[in-house]
Amino acid sequence: MKSFFLIFLIIVLFNGCIVGDVAALPFRVTGAVLNTVTPDIVGDSVSEVGETIDTAIPF
């Protein structure tokens, strides 16, 4: 059981921020959907908001 937690901790440390990924996920998905129905600039700008949120949240 301890090795499971150790492996999980190592994955989290090398994987980066889980909170930022979760907060950015709706913007990334919305941007991908908008890319199919609107010009690319609209979807890309929404996806970029998600990337900014992911970068801004340090944990």
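Above this text you will find the structure in question.
Residues numbered from 1 in each chain as written. Predicted model: local features only at pLDDT ≥ 70, side-chain atom pairs only at ≥ 80, totals over all residues. Heavy atoms only, no water.

(A) Structural detail: the overall build of the protein. When its secondary structure is counted, the protein shows three helices and zero strands. Helices and strands in the protein line up, N terminus first, as α-α-α. Looking at the protein residue by residue over its 59 residues, the buried ones come to 15%. Of the contacts formed within the protein by residues at least 6 apart in sequence, a portion of 47% connects residues at least 24 apart. Working note: accessible area of the protein is about 4,500 Å², and carbon and sulfur atoms make up 77% of it. (Helix = DSSP H or I, 4+ residues; strand = E, 2+ residues; numbered from the N terminus. Buried < 20%, exposed > 50% of the residue type's maximum accessible area, 1.4 Å probe, protein only. Contact = heavy atoms within 4.5 Å. Areas by Shrake-Rupley, 256 points an atom, 1.4 Å probe, with all protein chains shown as cover.)

(B) Looking closely at the packing of helix α2 (residues 18–37) against helix α3 (residues 40–56). Close contact between α2 and α3 brings their axes to 7 Å; oriented N to C, the two are set at 175°. It follows that α2 is roughly antiparallel to α3 by the angle criterion. In contact with Gly 20, Asp 21, Ala 23, Ala 24, Phe 27, Arg 28, Thr 30, Gly 31, Ala 32, Leu 34 and Asn 35 of α2, α3 contributes Asp 40, Val 42, Gly 43, Asp 44, Val 46, Ser 47, Val 49, Gly 50, Glu 51, Ile 53 and Asp 54. By residue class, the composition of the contact of α2 with α3 is nine nonpolar, seven polar and six charged. (Axes fitted to C-alpha atoms, helices over the stretch in contact; angles between N-to-C directions. Parallel < 35°, antiparallel > 145°, perpendicular 65-115°, else oblique. Nonpolar A, V, L, I, M, F, W, Y, C, P; charged D, E, K, R; others polar.)

(C) Layout of the pattern of salt bridges. Under the criterion given, the structure shown has one salt bridge. Here Glu 51 and Arg 28 are joined by a salt bridge, their closest N and O atoms 3.0 Å apart. With Glu 51 in helix α3 and Arg 28 in helix α2, this residue pair connects regions lying 23 residues apart in the sequence. Residue classification places Arg 28 among the partly exposed residues on the basis of a relative accessible area of 25%. (Salt bridge = Lys/Arg side-chain N within 4 Å of Asp/Glu carboxyl O.)

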